[in-house]
Amino acid sequence: VVINDTQEGSSLGVGGTPTVFIGKNKLLVDPEMISLKVRAGENIVKMKNGTVVIVGALPFTDFERIIEELLKK
């Protein structure tokens, strides 16, 4: 099970934990874009379909802000 989870995470661009996907739309991500943004030092990556990927341990206020923004749409 762990191997399957690890493989699925890798296919979605997850390079470590924690990584959280938040969105109202179907989960569509660009793994290469996530990797590039994370390597550039970004912890919050917004996908074109509205999904937001949060990489790393961020404060609750960051999660709250992102969720509030998504609920407004």
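Above this text sits the structure in question.
Quick summary incoming for the structure in this document. Going along each chain's sequence as written, the residues are numbered from 1 onward. Given that the model is predicted, a residue must reach a pLDDT of at least 70 before its local features are reported, and side-chain atom pairs must reach 80 or more before they are shown or counted; all residues, however, enter totals for whole chains, interfaces and linings. Side-chain metrics in this entry use all non-hydrogen atoms of the structure; hydrogen atoms and water are not considered.

## Some thoughts on the overall build of the chain
For clarity, the cut-off: Runs of H or I in DSSP of at least four residues are treated as helices and runs of E of at least two as strands, each being numbered from the N terminus. For the radius of gyration, the atoms used are the C-alpha atoms, and the globule rule reads 2.2 Å times the number of residues raised to 0.38.
Counting its regular elements, the chain contains three helices and three strands. Secondary structure elements in the chain, listed N-terminal to C-terminal, are α-β-α-β-β-α. Here the C-alpha radius of gyration of the chain, 12 Å, is about what a compact globule of 73 residues would show, namely 11 Å. Summarising its shape, the C-alpha atoms of the chain cover approximately 35 × 25 × 25 Å along the three principal directions.

## Examining the pattern of salt bridges
Note the cut-off: Within this document, salt bridges are pairs made up of a side-chain nitrogen of Lys or Arg and a carboxyl oxygen of Asp or Glu, the two lying within 4 Å of each other. Only protein chains enter the accessibility calculation, which uses a 1.4 Å probe; a residue whose area is less than 20% of its type maximum is buried, one above 50% is exposed, and one in between is partly exposed.
Per the stated rule, a full pass over the model turns up three salt bridges. Of the charged contacts, one joins aspartate 62 and arginine 65 as a salt bridge, the two residues approaching to 3.9 Å between their closest N and O atoms. Residue aspartate 62 and its partner arginine 65 are located together in helix 3 (residues 60–72), separated by three residues, close to a single helical turn. One salt bridge in this structure joins glutamate 69 and arginine 65, with 3.5 Å as the shortest N-O distance. Residue glutamate 69 and its partner arginine 65 are located together in helix 3, separated by four residues, close to a single helical turn. The partly exposed category is assigned to arginine 65, whose relative accessible area is 37%.

## Some remarks on the environment of asparagine 49
Applicable threshold: A 3.5 Å cut-off defines polar contacts: any pair of N or O atoms within that distance qualifies, except that in protein one atom must be a possible hydrogen donor and the other a possible acceptor, and neighbouring residues in sequence count only when both atoms are side-chain atoms.
Along the chain, asparagine 49 falls in the loop between strand 2 (44–46) and strand 3 (52–55). Distance from asparagine 49 to leucine 28, taken between C-alpha atoms, is 7.1 Å for residues 21 residues apart in sequence. In this structure the side chain of asparagine 49 is engaged in a polar contact, spanning 3.1 Å, whose partner is the backbone nitrogen of threonine 51.

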